[in-house]
Protein chains: 2
Amino acid sequence: MAMRATEMRMAELSRRSGLAVPTIKYYLREGLLQPGRRTSVNQAVYDVAHVERLRLIRALATVAGLPLHTIREVVRAVGEGASVLDAMAVTQDALVGSVEARTPDPAAEALLERVIEDRGWHSHPDSPAHAAALRAVSELRAEDLTMLVDRLEDYARAADEVGRVDVEAVSGTDDLDEMIRGIVLGSVLRRPLLDALILLAQQHHAQELVQDADG
Amino acid sequence: MAMRATEMRMAELSRRSGLAVPTIKYYLREGLLQPGRRTSVNQAVYDVAHVERLRLIRALATVAGLPLHTIREVVRAVGEGASVLDAMAVTQDALVGSVEARTPDPAAEALLERVIEDRGWHSHPDSPAHAAALRAVSELRAEDLTMLVDRLEDYARAADEVGRVDVEAVSGTDDLDEMIRGIVLGSVLRRPLLDALILLAQQHHAQELVQDADG
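Structural notes, computed from the coordinates. (Residues numbered from 1 in each chain as written. Chains lettered and ligands numbered in written order. Predicted model: local features only at pLDDT ≥ 70, side-chain atom pairs only at ≥ 80, totals over all residues. Heavy atoms only, no water.)

1. Comments concerning the overall build of chain A
Looking only at helices and strands, chain A features 10 helices and 2 strands. Listing each helix as α and each strand as β along chain A from the N terminus yields α-α-β-β-α-α-α-α-α-α-α-α. Across the 215 residues in chain A, those meeting the buried criterion constitute 47%. Here the analysis covers contacts within chain A between residues at least 6 apart in sequence; of these, 65% occur between residues at least 24 apart. Put simply, chain A shows about 10,300 Å² of open surface, and 49% of that area lies on carbon and sulfur atoms. (Helix = DSSP H or I, 4+ residues; strand = E, 2+ residues; numbered from the N terminus. Buried < 20%, exposed > 50% of the residue type's maximum accessible area, 1.4 Å probe, protein only. Contact = heavy atoms within 4.5 Å. Areas by Shrake-Rupley, 256 points an atom, 1.4 Å probe, with all protein chains shown as cover.)

Quick look at the structure:
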């Protein structure tokens with residue numbers, strides 16, 4: 001069977017994905033990468049979908065540092081043509097991880113519910129994001145960091161802006177697969193960017209504060 | 001030597017800090033916790049400064065999950081009465097960790113510099129925050145996530161808001177020690193909060209997007 005113009009052999013797949021051949025073979029064995037089209041008993045050819053899948057796996061493994069079993073769940077959701085919301089839920093699960101249960105803090109729950117309501121967010125109360133937010137507010141309260149708890153609304157407003165930009169960024173395409181890939185990769189790669197930008201902003205505002213105090 | 005009214009024995013220190021006595025003794029041996037005031041050969045008393053230090057160590061260890069040698073650096077900066085900016089630099093180092101060097105990406109550098117300039121941020125180019133931001137932009141470019149790179153300004157605006165609120169939150173006190181503790185703890189504990197709030201916002205905006213597409 002002949003190779004089609006858009007197809008490539010393993011060596012080319014390695015070159016285009018930036019991954020070593022043994023690594024690609026490992027992902028094939030583990031079922032993370034879909035099999036290629038077999039052209040003879042011991043040869044197969046791959047196409048652009050394989051390149052894209054490998055780029056996704058690489059980002060999840062090296063950028064997000066997710067363990068293999070988590071990558072498998074994300075890849076399965078993308079591969080099965082899940083809906084945007086399903087894919088987002090799987091990605092959030094993967095990113096948040098299992099949130100350790102804490103002693104219930106009704107006051108933290110009430111604070112979080114009010115902010116969610118004020119923002120008009122439609123939140124799934126059993127989603128990992130919700131559990132993580134509740135845990136974070138409870139931690140702040142447990143540490144008596146009331147000055148941060150008092151600013152929950154400000155943080156929610158900034159978070160709303162970031163979430164809106166995240167979703168807008170990937171909504172420009174009509175292709176559902178491409179959109180899901182954007183959400184998955186975007187969630188993983190945007191996080192260190194925002195963290196770093198916030199640190200830069202902190203430096204700036206702390207300097208202004210010190211200058212104001214000195215002036 | 002008598003115990004003063006504001007002082008306490010180890011058992012009370014354990015109760016008030018929420019840490020087991022062997023854990024406290026370990027932190028004493030490791031030099032993370034300053035020694036108490038010795039009242040006899042084998043007894044010492046502690047005060048509210050010890051309670052506060054233990055709360056800080058506990059937050060850094062259990063909430064931020066920082067390794068002991070990093071906690072030591074943060075604690076040393078706080079203990080030595082460093083300036084707000086110094087304490088922030090140490091905290092940022094601890095939170096960002098060592099940023100792996102990447103192949104230089106001049107385009108990413110130019111993009112980041114423009115955003116920093118547009119925002120009027122005074123950034124130290126050799127700070128870990130700057131290195132982390134550069135790495136994040138480079139990653140996004142390497143993954144061809146141009147739709148996210150194109151929105152760098154939007155993310156920087158949201159980050160500026162978060163950084164401003166962070167600094168404002170801890171600037172309410174006149175006590176420098178308390179301010180530094182707020183910055184350190186706030187940086188560590190606010191991060192999971194914002195991450196979770198962003199996930200909630202993503203859920204919301206993705207649902208709106210799907211509804212718009214269906215409607």
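2. A look at the packing of helix α6 (residues 106–119) of chain A against helix α9 (residues 152–170) of chain A
Residue and element names in this part refer to chain A. In the contact formed by α6 and α9, the axes pass within 10 Å of each other and the chain directions differ by 45°. In terms of orientation, α6 lies oblique with respect to α9. The element α6 and its partner α9 pack so that their crossing is right-handed. In this structure, α6 contributes L111, V115, D118 and R119 to the contact, and α9 contributes L152, E153, A156, R157 and D160. (Axes fitted to C-alpha atoms, helices over the stretch in contact; angles between N-to-C directions. Parallel < 35°, antiparallel > 145°, perpendicular 65-115°, else oblique. Left-handed = near helix turned anticlockwise from the far one by under 90°.)

3. Regarding the pattern of salt bridges
Taken as a whole and judged by the stated rule, the model has 24 salt bridges over all chains. For R141 of chain A, the salt bridge goes to D105 of chain A, with nearest N and O atoms at 2.9 Å. On the criterion of sequence distance, the pair formed by R141 of chain A in helix α7 (residues 128–142) and D105 of chain A in the loop between α5 (84–96) and α6 is long-range, its members being 36 residues apart. Owing to a relative accessible area of 34%, R141 of chain A belongs among the partly exposed residues under this scheme. The closest approach of N and O atoms between R37 of chain B and E7 of chain B, which form a salt bridge, is 2.8 Å. In this pair, R37 of chain B is assigned in strand β1 (residues 37–40) and E7 of chain B in the segment before α1 (10–17), connecting sequence segments 30 residues apart. The class for E7 of chain B is buried, based on a relative accessible area of 11%. Through salt bridges that share partners, D154 and R157 of chain A together with E161, R164 and E168 of chain B make up one connected network. (Salt bridge = Lys/Arg side-chain N within 4 Å of Asp/Glu carboxyl O.)

4. Focus on a negative patch on the surface
A cluster of acidic side chains, namely E109, E113, E117, D118 and E153 of chain A, defines a negative patch on the protein surface. Note that E113 of chain A resides in helix α6. (Patch = residues over 30% accessible without salt bridge, like charges linked within 9 Å, V, L, I, M, F, W, Y side chains within 5 Å. Lys, Arg positive; Asp, Glu negative; His and termini not counted. Charge placed at Lys NZ, Arg CZ, Asp CG, Glu CD.)

5. Details of helix α6 (residues 106–119) of chain B
All names here are of chain B. Taking 1.5 Å per residue as the helical rise, α6 with its 14 residues ought to reach 20 Å, and the 20 Å between its terminal C-alpha atoms agrees with that figure. All of the buried residues along α6 are A108, L112, V115 and I116. All buried residues of α6 lie within an arc of 100° about the axis, which places them on one face of the element. Turned more than 90 degrees away from the buried face of α6 sit P106, R114, E117 and D118, all of them exposed. Where α6 begins, the side chain of D105 points an oxygen toward the backbone nitrogen of A107, at a separation of 3.1 Å. Immediately beyond the C-terminal end of α6, within one or two residues, lies G120, with a positive phi of roughly 70°. (Expected span 1.5 Å × (residues − 1). Arc of directions from axis to C-beta. Polar contact = N/O pair within 3.5 Å; in protein donor to acceptor, adjacent residues only side chain to side chain.)

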